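Structure at a glance
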There are 2 protein chains.
Amino acid sequence: MSGSNKKYVYSFGGGKADGNEGMKNLLGGKGANLAEMAGHSRLRLPVPPGFTITTEVCAYYYANKKKYPAALKAQVDKAIANIEKLMDKKFGDPNNPLLVSVRSGARRSMPGMMETVLNIGLSERTIPGLVKLTGNERFVYDAYRRLIMMYADVVMEKAAGIEPADDGSGIRKQLDRMMDELKKEKGYKADTDLKAADLKELCALFKERVRAVLKKPFPDDPQEQLWGGIGAVFASWNGRRAKSYRKIEGIPDEWGTAVTVQTMVFGNMGGSSATGVAFTRDPGNGENKFYGEYLIDAQGEDVVAGIRTPAPINKYSKSEHNKDLKTLEEVMPKIYKELYGIQRRLEGHYRDMLDIEFTIEKNRLFMLQCRVGKRNGPAAVRMAVDMTKEGLIKTQEAVLRVTPSQLDELLHPMLDAKAEKELKPIAKGLPAGPGGASGMVVFTADDAQNWAKEGKRVILVREETSPEDVHGMHSAQAVLTGKGGMTSHAALVARGWGKCCIVGCGAIHIDAKNKRFTVDGRTVKEGDWITLNGTKGNVYSGEIPLVEPDIEKDVTFRTFMKICDGARRLKIRTNADRPEDAVVARKFGAEGIGLCRTEHMFFGPDRIKSMRKMILAEDLPARRAALAELLPYQRDDFKGLLKAMEGLPVIIRLLDPPLHEFLPQEDDKKEELAKELGISMERLNVRIQKLHELNPMLGHRGCRLGITYPEITEMQVEAIFEAAARLTKEKVKVLPEVMVPVVGTKAEIKNQYDVIKAKADEVQKRYGVKLNFMIGTMIEIPRAAITADRIAEVAEFFSFGTNDLTQMTFGFSRDDIGGFLPDYLEKKILPKDPFQTIDRDGVGTLMAMAIERGRRTRPGIEVGICGEHGGDPDSIKLCHELGMDYVSCSPYRVPIARLAAAQANAGRQRGHGRN
Amino acid sequence: MSGSNKKYVYSFGGGKADGNEGMKNLLGGKGANLAEMAGHSRLRLPVPPGFTITTEVCAYYYANKKKYPAALKAQVDKAIANIEKLMDKKFGDPNNPLLVSVRSGARRSMPGMMETVLNIGLSERTIPGLVKLTGNERFVYDAYRRLIMMYADVVMEKAAGIEPADDGSGIRKQLDRMMDELKKEKGYKADTDLKAADLKELCALFKERVRAVLKKPFPDDPQEQLWGGIGAVFASWNGRRAKSYRKIEGIPDEWGTAVTVQTMVFGNMGGSSATGVAFTRDPGNGENKFYGEYLIDAQGEDVVAGIRTPAPINKYSKSEHNKDLKTLEEVMPKIYKELYGIQRRLEGHYRDMLDIEFTIEKNRLFMLQCRVGKRNGPAAVRMAVDMTKEGLIKTQEAVLRVTPSQLDELLHPMLDAKAEKELKPIAKGLPAGPGGASGMVVFTADDAQNWAKEGKRVILVREETSPEDVHGMHSAQAVLTGKGGMTSHAALVARGWGKCCIVGCGAIHIDAKNKRFTVDGRTVKEGDWITLNGTKGNVYSGEIPLVEPDIEKDVTFRTFMKICDGARRLKIRTNADRPEDAVVARKFGAEGIGLCRTEHMFFGPDRIKSMRKMILAEDLPARRAALAELLPYQRDDFKGLLKAMEGLPVIIRLLDPPLHEFLPQEDDKKEELAKELGISMERLNVRIQKLHELNPMLGHRGCRLGITYPEITEMQVEAIFEAAARLTKEKVKVLPEVMVPVVGTKAEIKNQYDVIKAKADEVQKRYGVKLNFMIGTMIEIPRAAITADRIAEVAEFFSFGTNDLTQMTFGFSRDDIGGFLPDYLEKKILPKDPFQTIDRDGVGTLMAMAIERGRRTRPGIEVGICGEHGGDPDSIKLCHELGMDYVSCSPYRVPIARLAAAQANAGRQRGHGRN
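Everything numeric here is computed off the predicted structure, so don't read it as measured data.

1. Let's talk about the overall build of chain A
- Scanning chain A for helices and strands turns up 35 helices and 32 strands.
- Rg of the C-alpha trace for chain A: 33 Å, near the compact-globule value of 29 Å for 915 residues, within the 12% margin.
- In terms of overall dimensions, chain A has a C-alpha envelope of 105 × 60 × 55 Å along the principal axes.
- Looking at the 915 residues of chain A, the share that counts as buried comes to 57%.
- Long-range pairs, those at least 24 residues apart, make up 68% of the contacts in chain A with a sequence separation of at least 6.
- Total accessible area on chain A stands at roughly 37,500 Å², and carbon and sulfur atoms take up 50% of it.

What follows is the structure in structure tokens.
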């Protein structure tokens, strides 16, 4: 790999480039896009010349004790010479010095997570030449003090192995304070008030301090600066921030970063210079308008740092903050026109909304960077729809332009975008649960519950949450925690409920005892209002108005969903137990019910008694009598559900949980029950004890119940078929599918099939109707997947119960996994929580086996998935690849599933590792 | 199938036969052997001519509402005509009538489980002719009364749908009583005292009673008798006795029975006639001596019925009972010589010990039946060894001649065979646990425990047992239950312990309240001695001496084991946690340890405290301190075990169960612990509660513990490697294999591998030795089997934990399966308890997958099985077929495993269905 003929360095500039946009894996996103902008025949944009050191060098660097390939030095030297030729300057030349920046660039953008050093090449030797050349001493020393500050922080302090604490003892903070002191001393307000002489003095003081603190002089050799900068960028790939960002975003460690070295151009060379950031469309709402900000006489970092308020580039970009500032269009109309033209060409070239950085150096426009721009959910949907209409993209591509979580934003209450824009977050955390929420701060779960009972809207703030907090989390509008990551308890619970949640918000210091938290010196007390944007992770003080989604009126949303529907193969069903849920799901586009859990129906206060009588019956007649009491309820349940889903298939699962789940735990309830059954408490307790199981997950449940008590199955299917028969007589078209759970052997499904079929025949005869129905099974026991060929001899459809299948394939109990799952994710034993996203290699292999074997026996057997994975995009992709017929998810996830199904069909490639 | 050209009837006799021995599936064992004896060119024995109706007719009969194929009648008529020709008699001819018997015969012998009717063809019309022909009126009426008794019972009562109770109300018992009354009236003692006139009168009375009770006359038409008999045999295939026998023996219902119709020959035609049963070798000890009994002037049923004491056929066959009776050799020397010659030819032909039935009619010898003879364990082993030596069979066949349960007889205390022979059982039950035991009867588990503490030997007698009885079962010499089958609680527990046990002994009526049971009118009280033969299911009154096995001195046993060892490919290891167990297992032939469970080592009173301190430690230093206390214990444990297994591999499994299993349940123990840890009871309870899991089987255990607490793994492997290093220094050759349990992903085993390897390196360096060891994993999680290719990238060996693999593949909890397993076996949802015998289709498929994938990555990877299936012959066969390297079982099962492994290699075909 270190052969001297291997290419490690890719140059760009002067209308040419060694690389192109397709080489992101090698050059990083930034390097590839610079090469594209500089070198593509349709673009050839004014990009400052430079070169990119490949990600392979990064891999080499980590594999070889932070050494470089032998051939690298010569290739860098050659690339520098190329820049020198194009710019007619020389790196380190006292008379005509070339300055460069050194930046990181990974395959995927990791904004702010790695290091950058600007102005490399400035030194005692080159400063005089540059002053002469620019005629601007102040500019030169300002650049020099920036170089010292960055370099001391990013290169020298890191190289010394110092990890500065947050207490301001780091070199960067020290230098910042020195500059503030000088400004104070001189009575200046802004950095721009500093004169050349001030800056010159400051640079001298900086260098003294650097040598004193870091025990090394600031390097005066441009070559040393360059290689120091390159090393710092590679080292920052494994910096603490970058590593934790990668973990959250699922970016593999082995990708590595590229390093781009580029000619410095200066937006801070006076009134004819400027720097800016712009988007080819509005990233906040998706409108097809050029949108951006700029600063006269500034470097790029000033725009980001927020010290000066940037001005709008055009009228469209005006806001409350900047409406009085002059636009670029007004100040530099010619350059604005050039920039406008470039951004149109770029968007046409990339066929996507771009985020571009530009600098104007003495009335000359340079393009520094371009990349696909980040956008919020509504904007993403709008752009996808608009670009499709404009003919810029095809529908296949349109569905890939919106991520499932962006679509999710449209389904939750969101902060009013305009209002949010005017505010600065008081803290940022990890976006663990989508949507927005406002409420009064409370610090305990009990308070949350009590306040909520009084009709107050509250936000529960905890250092971290535990299962004991669940009642409070449920009562709260949102949850905010100081600790924990995307898989912490709070995050898992909130996502399950679709509740707004921010976790790991380290900036807030919670004093639960005194019921308050502090953040950046500000104190927020119990009862104070705060607002969370759970989609972004932003915490705001006060109450911000929320916008409720109205997807029925949202034409753009509906158009986008239609595009998705046209692009997918998978059908989308919903999990619904009640007619109300079914109605909601139909509105969201559900094409049937994939799972109706009948056990929920037994918990009504009027029904649970009969259920308990049935469970505790001493003999068959007593059990039948209790079942007969339940029959009318069940029939009404099914009638409502089948009617709500008229014309669509409805899968009804027979009784699943072990019977002890229906028995009372509390003594008063038990006494009541004993009285009703006419037995002593002692005897009741004995019988309850008898039903107790050590591992109820693996116990007497599902079809095991139906086999030992066929009368239970008979009652349930009698209710189903009677409901279907009555509706059929009312001319309602019904398509019930009876599903037998927990099947592991052909003999089990055969036993239940016979019971069900006999009852179906009996009911059809009794009502004189012919019903259109199927009898099938869950595939949730590993053995069912393995013997699916045999099971399909009986079962007329399969539905994967991936929750239980995951439990048994891994030997994990979902209820108990909390004991080690965080540790497993932390130590990368598991890449993801397998109850969130289907484990491809284990569970997925079993599923593939089941489908292949099932279809071998019964070609075209209907196959779907119920269970919570049915709403997870990665899992939906797997289901698509496995050739399933449908996925089924909760009503509110149906649009997400429609999108994910379309994306799966459009061939989105998502990385996934085996473990 | 009812095509008229299909052959349903196979004739034999006159030196010819349509069938042969190879046609057992079609003709049943009896029919096939009769054909062989009658027709094979090397035999052509004097077999009374007859014919066999095939098992296909039985299948047809059950599939077609008890109708026969249309072609059957004509084929039977033709076969009868063939007999008539050979015998020169005519069926139903008044002058020269042919009499026939009708007998059952399934593919495998089901002795006494189906019906037989003799003397068919006798009627008012044919009696006078036969009397004239034989000149023996008494004989003819004796035959007639037998026919009426049998026919009324077997054909007519059954056809009337009457299932007689055990109270003597059945027709057979009524007729028996009538005969007894007549004998009493006349002052006769034996049946043979009855004169012709008495019998004639009795026949008339019998027919009256039959008509009165069964509302139908006894049929006088020989054809009606014949078809009645055939129908009764087919019907008896689904009789209660036959069905329950099949269930126990695992004989499929669909096999069906054949029916053999054969010329009657009479051993009861006076002093020149006789009937007998003999074995070509002694079935009691295996000696190569002709052994048998006979009765002069009797029919076969008289020998079996035990009314008269049969005489020995020769000197060798003499016993206490019959030593004064004359032998056949003495009484009929010529015929004895003929018989002796025939049995030698038969044994040479069949190359196995045969059970033969013969009849001598007026000095003429007829062979009625021959089949492979049943034998006890010691006899089976001796015959296998002897026949190999004699060159009669090859070693491959020798190993198939002893069933695992026969071999098991040699490993348990057995009743003294001679003593047992002299006694009649007072009751019979199902043989649930092998061996013999004597003891005083007790009726509660507590009594069993208390009496045993006083040094008394007791047998626990219960209607059925439950987990609450386990302490009493453990204290008792044996267990006897009135209810329950081979998979009842008592049976499962007893087999697990290798304890003598009889279950389902319905004849005993237990009155636990008054501490006594009655059987057949006899009362057995608490403290009375009884003796059980758990291998046969016999209960005896009183104490019978036991013979303790001494396998080290038993040369025949050792020779047989050597034959097995030469014939097997699988290695046999043992599961042993203590050096004592290892020593026993080596004696039994173990070739290594397949499973040492380290958790058992933590329960010693001196260790459990440190273990609990470790579990409840608040932080790492506290946990490390507690672990340091455990280290020396563990090291000594491993040193002992490795030394006992010098030169052989020893697999040591790291900590497996969830930690809460080590915590105390009782309040006093908890208080002690709280004191020791210096924390409050409240706090202790909170922490114990925190460790509680809803499904501990799927909880935080195995490598999941080692991953969250690497220090536990470190302590255990430090102990293992230090023990190995010290022994190595002592010149003891040790081969430790460290096994990581509950692995489901490659990342898990990799994590633990690294911890183990680092510790191994450290210890080897510290001791300056090089250790020969491996690091591998259990395959007990379905996902591990599925991803075995990846896991084998790290694991150096696989050991199947089929208990857990079965639990998770089926989704069964072994602790809870009692709730539905009996029902599942009863309803044939499962063919067998999958925790007894590995489920081929599900678990077996996963195992095959794991081995194939594991070897793809790491060719030659060592693969074995620990877990209790390792001692089950059917499971061992599967392991052999899957190409494993070894099985591991409990020390006392090692010889069984050696045999089973040899049988698997010898290609024994056992039926198994998919389900």
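2. Quick look at helix α6 (residues 171-186) of chain A
Residue and element names in this part refer to chain A.
- For α6, which comprises 16 residues, the first-to-last C-alpha distance of 23 Å matches the rise-based estimate of 22 Å (1.5 Å per residue) to within 8%.
- Of all the positions in α6, only I171, Q174, L175, M178, M179, L182 and K183 are classed as buried.
- Of the surrounding elements, those touching the buried residues of α6 are α5 (137-159) and α7 (196-214).
- Looking one or two residues beyond α6, the residue adopting positive phi is G187, at roughly 80°.

3. Some points on the sheet that holds strand β7 (residues 274-279) of chain A
Residues and elements named next belong to chain A.
- An order of β9-β8-β7-β10-β11 is seen for the five strands of this open sheet, with the pairing classed as antiparallel. Strands with a single pairing partner mark the edges of an open sheet, and in this sheet they are β9 (311-312) and β11 (364-372).
- Bridging between strand β8 (residues 291-296) and β9 involves two bridges; their strand directions are antiparallel. Its bridge partner lying in β9, E293 is registered against P312.
- Taken strand by strand, helix α12 (residues 333-350) contacts β10 (354-361) and β11, and its axis lies near 30° from that of β11.

4. Things to note about the relation of the copies chain B and chain A
- At an RMSD of 0.5 Å, chain B and chain A line up after a rotation of 179° and a shift of 0.4 Å along the axis. Look at the turn and shift together and you get a two-fold axis relating the two. Minimal C-alpha distance to the rotation axis in chain B is attained by N695 of chain B, lying at 2.1 Å.
- Both copies contact each other with a shared surface, as 100% of the interface residues of chain B are interface residues in chain A too.

5. Section: the side chain of N751 of chain B
- Its location among the elements puts N751 of chain B in helix α28 (residues 746-767).
- Setting aside residues up to four positions removed in sequence, N751 of chain B forms contacts with K827 and I829 of chain A together with I707 of chain B.

6. Here's the deal with the packing of helix α24 (residues 667-677) of chain A against helix α25 (residues 681-691) of chain A
All names here are of chain A.
- The N-to-C vectors of α24 and α25 enclose an angle of 105°; their axes lie 9 Å apart at closest approach. Judged on the interaxial angle alone, α25 and α24 are roughly perpendicular. Across the interface between the two elements, D667, K670, E671, L673, A674 and L677 of α24 pack against M681, L684, N685 and I688 of α25.
- Here the residues of the contact of α24 with α25 sort into six nonpolar, one polar and three charged.

7. Here we look at the sheet that holds strand β20 (residues 516-519) of chain A
Residues and elements named next belong to chain A.
- As summarised here, the arrangement of the three strands in space is β19-β20-β21, forming an open sheet in which the pairing is antiparallel. Sheet topology places β19 (509-511) and β21 (522-525) at the edges, where each strand pairs with a single neighbour. Each strand of the sheet is rotated relative to its neighbour by a mean of 20°, with strand direction disregarded.
- As paired elements, β20 and β21 share four bridges and run antiparallel to each other. Within β21, the position partnered with R516 by the bridge is K525.

8. So, the interface of chain B and chain A
- Counting from both sides, the interface comprises 50 residues of chain B and, opposite them, 50 residues of chain A.
- At the boundary of chain B with chain A, total buried surface from both sides reaches about 4,400 Å², with 57% on carbon and sulfur atoms.
- Linking chain B to chain A there are two salt bridges.
- Ionic pairing is found between R783 of chain B and D839 of chain A, a salt bridge with its closest N-O pair at 2.6 Å.
- The tally of links from chain B across to chain A stands at 22 residue pairs in polar contact (both at pLDDT 80 or more).
- For the side of chain B that touches chain A, the secondary-structure elements that each account for two or more residues are α26 (703-708), α28, α29 (782-786), α30 (788-791), α31 (802-810), α32 (821-826) and α33 (840-857) of chain B.
- At six residues, the largest contribution of residues to the side of chain B that touches chain A is made by α33 of chain B.
- For the side of chain B that touches chain A, the residue count by class is 20 nonpolar, 14 polar and 16 charged.

9. Describing the packing of aromatic side chains
All names here are of chain A.
- Within the structure shown, the criterion is met by 39 aromatic pairs over all chains.
- Consider the rings of F443 and F517, whose centres lie 6.4 Å apart with planes at 65°: the pair is edge-to-face. Note that F443 is positioned in the loop between β15 (436-442) and α17 (445-453) and F517 in strand β20, a separation of 74 residues in sequence. By the burial criterion, F443 is buried, and F517 matches it.

10. What about unusual backbone geometry?
- Unusually for a residue other than glycine, K731 of chain A sits at a positive phi of about 70°.
- Summarising the element assignment, K731 of chain A is placed in the loop between α27 (710-729) and β28 (735-740).
- Of note, D297 of chain B is a non-glycine position whose phi angle comes to about 55°, a positive value.
- Of note, D297 of chain B is situated in the loop between β8 (291-296) and α10 (300-305).
- Owing to a relative accessible area of 27%, D297 of chain B belongs among the partly exposed residues under this scheme.

11. Some details on the pattern of salt bridges
Residues and elements named next belong to chain A.
- Counted by the stated rule, this structure contains 148 salt bridges over all chains.
- The closest approach of N and O atoms between R375 and D352, which form a salt bridge, is 3.0 Å. Of this pair, R375 sits in the loop between β11 and α13 (377-389) while D352 sits in the loop between α12 and β10; the two residues are 23 residues apart in sequence, bridging distant segments of the chain. Each member of the pair, R375 together with D352, is buried.
- The partner of D656 in a salt bridge is R701, and the shortest N-O contact between them spans 3.2 Å. One end of the pair, D656, is in the loop between β27 (649-653) and α24; the other, R701, is in the loop between α25 and α26 (703-708), with 45 residues separating them in the sequence.
- By relative accessible area, R701 is classed as buried at 4%.

12. A word on the side chain of T806 of chain A
- Looking at the element boundaries, T806 of chain A is found in helix α31 (residues 802-810).
- Contact partners of T806 of chain A, with chain neighbours within four places excluded, come to G811, P834, F835, V843 and H869 of chain A.

13. Considerations on the packing of helix α20 (residues 555-567) of chain B against helix α35 (residues 894-905) of chain B
Residues and elements named next belong to chain B.
- Close contact between α20 and α35 brings their axes to 8 Å; oriented N to C, the two are set at 45°. By the criterion of interaxial angle, the relationship of α20 to α35 is oblique. The chirality of how α20 crosses α35 is left-handed. Residues F557, F560, M561, C564, D565 and A567 of α20 form the contact with α35, whose participating residues are P895, R898, L899, A902 and N905.
- Taken together, the residues that form the contact of α20 with α35 break down as eight nonpolar, one polar and two charged.

14. A closer look at the confidence of the model for chain A
Residue and element names in this part refer to chain A.
- Confidence along chain A averages 90 in pLDDT terms, with 97% of residues attaining 70 or more.
- Contacts for the low-pLDDT stretch residues 908-915, under 50 throughout, to residues beyond four places or in other chains number 26 contacts.
- Interface scoring of the predicted complex returns ipTM 0.79; its pTM is 0.80.

15. A closer look at the state of the cysteines
- Overall, the coordinates contain zero disulfides over all chains when judged by the stated rule.
- Take C505 of chain B: it sits in no disulfide, and the sulfur closest to it among the cysteines is that of C501 of chain B, at 11 Å.

16. Brief notes about helix α34 (residues 873-881) of chain B
Residue and element names in this part refer to chain B.
- Of all nine residues that make up α34, eight are buried, and the element is covered over most of its length.
- Those residues of α34 that sit buried are P873, D874, S875, I876, K877, L878, C879 and H880.
- After α34 finishes, the residue G883 shows a positive phi value of roughly 80°.

17. Quick look at the pairing of strand β1 (residues 9-13) of chain B
Residue and element names in this part refer to chain B.
- Burial runs high along β1: five of the five residues are buried.
- The alternating pattern of β1 places V9, S11 and G13 on one face and Y10 and F12 on the opposite face, and all of these are buried.
- Sheet topology note: the β1/strand β3 (residues 50-53) ladder contains four bridges and is antiparallel. Bridge pairing in β3 links V9 to I53.
- As paired elements, β1 and strand β2 (residues 16-17) share two bridges and run antiparallel to each other. Directly across from F12, in β2, lies its bridge partner A17.
- The loop that links β1 with its antiparallel partner β2 comprises two residues; one of these, G14, has a positive phi angle of about 65°.

Definitions and cut-offs
Residues numbered from 1 in each chain as written. Chains lettered and ligands numbered in written order. Predicted model: local features only at pLDDT ≥ 70, side-chain atom pairs only at ≥ 80, totals over all residues. Heavy atoms only, no water. Helix = DSSP H or I, 4+ residues; strand = E, 2+ residues; numbered from the N terminus. Rg over C-alpha atoms; globule rule 2.2 N^0.38 Å. Buried < 20%, exposed > 50% of the residue type's maximum accessible area, 1.4 Å probe, protein only. Contact = heavy atoms within 4.5 Å. Areas by Shrake-Rupley, 256 points an atom, 1.4 Å probe, with all protein chains shown as cover. Expected span 1.5 Å × (residues − 1). Pairing = 2+ DSSP bridges. Axes fitted to C-alpha atoms, helices over the stretch in contact; angles between N-to-C directions. Least-squares fit on C-alpha atoms with pLDDT ≥ 70 in both. Parallel < 35°, antiparallel > 145°, perpendicular 65-115°, else oblique. Nonpolar A, V, L, I, M, F, W, Y, C, P; charged D, E, K, R; others polar. Buried area = accessible area lost by both parts, 1.4 Å probe. Salt bridge = Lys/Arg side-chain N within 4 Å of Asp/Glu carboxyl O. Polar contact = N/O pair within 3.5 Å; in protein donor to acceptor, adjacent residues only side chain to side chain. Phe/Tyr/Trp six-rings, centres within 6.5 Å; stacked < 30°, edge-to-face > 60°. Left-handed = near helix turned anticlockwise from the far one by under 90°. pLDDT = per-residue confidence, 0-100. Disulfide = S-S within 2.5 Å.

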